[in-house]
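# Inside the fold
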Amino acid sequence: MRVGLYPGTFDPVTHGHLDIIQRACSLVDRLVIGVAINRDKGPLFTLEERVAMIEAETAHLGAQTGCVIEVHPFENLLIDCARDVGASVIIRGLRAVADFEYEYQMVGMNRVLDNAIETVFLMAEAQHQAIASKLVKEIARLGGDVSKFVTPAVNTALKERFAG
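What comes next concerns the included structure. (Residues numbered from 1 in each chain as written. Predicted model: local features only at pLDDT ≥ 70, side-chain atom pairs only at ≥ 80, totals over all residues. Heavy atoms only, no water.)

Glancing now at the overall build of the protein. Regarding its fold elements, the protein presents six helices and five strands. A globule of 164 residues ought to have a C-alpha radius of gyration of about 15 Å, and the protein, at 15 Å, matches this closely. Taking the principal axes of its C-alpha atoms as reference, the protein extends roughly 50 × 35 × 30 Å. Per-residue burial over the protein gives 46% buried out of 164 residues. For the protein, the separation between the mean place of its 16 positive charges and that of its 21 negative charges on side chains is 3 Å. (Helix = DSSP H or I, 4+ residues; strand = E, 2+ residues; numbered from the N terminus. Rg over C-alpha atoms; globule rule 2.2 N^0.38 Å. Buried < 20%, exposed > 50% of the residue type's maximum accessible area, 1.4 Å probe, protein only. Lys, Arg positive; Asp, Glu negative; His and termini not counted. Charge placed at Lys NZ, Arg CZ, Asp CG, Glu CD.)

This is how it looks when you write it as structure tokens:
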């Protein structure tokens with residue numbers, strides 16, 4: 001069984017994330033979506049809220065793709081999380097060249113820590129390449145329309161978070 005790990009903060013999950021998740025399902029039999037706790041980033045949504053959002057937004061993909069999808073919060077090193085869930089591949093989404101430079105360094109470090117775990121980069125589809133959770137939150141905070149970047153449920157959650 002091929003197991004992949006797709007890590008991120010997912011604060012909130014966007015169409016770009018969902019695109020990568022759906023495409024990653026064609027590469028692995030089991031996809032673990034690793035939700036990073038990362039207290040340093042000061043997420044807008046709690047860990048529990050982010051996990052629930054991802055579970056709700058990916059529930060249909062398992063049946064649609066035949067891939068088992070699990071959501072797994074983690075706070076340790078990415079390579080340790082990959083080992084913990086039995087992943088042989090780490091899935092990373094890329095939007096732009098700037099993403100690649102950072103990810104390239106991460107792969108190098110992870111290969112030193114465990115060269116048995118590969119990293120695969122998936123480019124987001126063109127219509128999703130500009131989507132970043134940070135920008136989505138900023139637009140929503142300022143009252144802008146983020147419905148093109150997130151699902152209706154996530155859009156509602158953002159509106160509720162910034163209401164008042």
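Now that the structure is up, let's keep going.
Okay, the nonpolar core next. Of all hydrophobic cores here, the largest spans 33 residues; its most connected members are I21, L31, I91 and L158. Going through the elements one at a time, α1 (15-24), β2 (30-36), α2 (47-65), β3 (68-74), β4 (89-94), α5 (133-141) and α6 (152-162) are the ones with two or more residues in this core. Ranked by the residues each element gives to this core, the list is headed by α2, at five residues. Within the second largest apolar cluster, 13 residues are counted, among which are L78, I79, C81 and V85. (Core = buried A, V, L, I, M, F, W, Y, C linked by side-chain atoms within 4.5 Å.)

As for its placement among the helices and strands, R30 is situated in strand β2. One polar contact links R30 to E70, side chain to side chain, over a distance of 2.8 Å. Non-local contacts of R30, meaning those with residues more than four positions away in its chain, are made with M1, R2, V3, G4, C67, V68, E70 and V85. (Polar contact = N/O pair within 3.5 Å; in protein donor to acceptor, adjacent residues only side chain to side chain. Contact = heavy atoms within 4.5 Å.)

Owing to its 3.6 residues per turn, the α-helix brings residues three or four apart onto one side. Every buried residue of α6 is listed here: V154, N155, A157 and L158. End-on view of α6: buried residues confined to an arc of 160°, all on one side of the axis. For α6, exposure combined with an orientation more than 90 degrees from the buried face picks out P152, K159 and E160. Looking at the buried positions of α6, the neighbouring elements they touch are α2 and α5. (Arc of directions from axis to C-beta.)

The next point concerns the pattern of salt bridges. What the rule picks out here adds up to eleven salt bridges. Put simply, R111 and E118 hold a salt bridge, and the shortest N to O gap is 3.3 Å. The exposure class assigned to R111 is partly exposed, which follows from its relative accessible area of 30%. Salt bridges sharing common partners tie together D19, R23 and E125. (Salt bridge = Lys/Arg side-chain N within 4 Å of Asp/Glu carboxyl O.)

Inspection of the secondary structure assignment puts L27 in the loop between α1 and β2. With 89 residues separating them along the chain, L27 and A116 place their C-alpha atoms 17 Å apart. Those residues within four positions of L27 in sequence are excluded, and the remaining contacts are R2, I91, V120 and L122.

Judged by how many residues are buried, β4 sits mostly within the fold: five of six residues are covered. In the sheet, strand β1 (residues 3-8) pairs with β4 via two bridges, with the strands oriented parallel. Note on β4: the bridge partner recorded for G4 is V89. Since β4 and strand β5 (residues 118-123) lie parallel, the crossover through helix α4 (residues 97-113) that links them has a hand, and here it is right-handed. (Pairing = 2+ DSSP bridges. Right-handed = clockwise from strand over helix to strand, strands pointing away.)

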